[in-house]
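Coordinate inspection notes
Letter by letter, the chains look like this.
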Amino acid sequence: MENKPGIDERLRRAAEQMWLQYFNNCLLKQSLITPDQHRQMKSRILARRPSREHTSFS
């Protein structure tokens, strides 16, 4: 049986990803990071996997 995250977990992950993207955009807008760093971080955010502590194996 495949273990799929519940709706709460999916919403938490989506909110976390949105927050990271927002923060990344703010850093770019304030010139605290370069466009290259922004692109790298955007790729890392999109490729990010949930940590083991947030994964349930019910």
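Some points on the overall build of the chain
Counting its secondary structure elements, the chain contains two helices and zero strands. Going through the 58 residues of the chain one by one, you find that 9% of them count as buried. Summed over all atoms, the accessible surface of the chain reaches about 5400 Å², with 55% contributed by carbon and sulfur.

Looking at the packing of aromatic side chains
In total, this model carries two aromatic pairs according to the counting rule given. Here Trp19 and Tyr22 contribute two aromatic rings whose centre-to-centre distance is 5.7 Å and whose plane-to-plane angle is 35 degrees, an arrangement assigned as tilted. Within this pair, Trp19 and its partner Tyr22 are both found in helix H1 (residues 7–29), separated by three residues, close to a single helical turn. Taking the relative accessible area as the measure of exposure, Trp19 reaches 53% and is therefore exposed. Between Trp19 and Phe23, the ring centres sit 6.2 Å apart and the planes meet at 25 degrees, which makes this aromatic pair stacked.

A closer look at the pattern of salt bridges
What the rule picks out here adds up to five salt bridges. Its salt-bridge partner being Arg12, residue Glu16 comes within 3.0 Å of it at the nearest N-O pair. Here the residue Glu16 and the residue Arg12 both occupy positions in helix H1, the gap between them amounting to four residues, near one helical turn. Taken together, the shared-partner salt bridges in this structure form one network comprising Glu9, Arg12, Arg13, Glu16 and Arg48.

A few points about the side chain of His38
Checked against the element boundaries, His38 lands in helix H2 (residues 35–47). Among the residues examined, His38 registers a relative accessible area of 12% and is labelled buried. At 2.7 Å, the side chain of His38 forms a polar contact with the side chain of Asn25. Among residues more than four places away in sequence, those in contact with His38 are Asn24, Asn25, Leu28 and Ile33.

Reading the values: the criteria
Residues numbered from 1 in each chain as written. Predicted model: local features only at pLDDT ≥ 70, side-chain atom pairs only at ≥ 80, totals over all residues. Heavy atoms only, no water. Helix = DSSP H or I, 4+ residues; strand = E, 2+ residues; numbered from the N terminus. Buried < 20%, exposed > 50% of the residue type's maximum accessible area, 1.4 Å probe, protein only. Areas by Shrake-Rupley, 256 points an atom, 1.4 Å probe, with all protein chains shown as cover. Phe/Tyr/Trp six-rings, centres within 6.5 Å; stacked < 30°, edge-to-face > 60°. Salt bridge = Lys/Arg side-chain N within 4 Å of Asp/Glu carboxyl O. Polar contact = N/O pair within 3.5 Å; in protein donor to acceptor, adjacent residues only side chain to side chain. Contact = heavy atoms within 4.5 Å.

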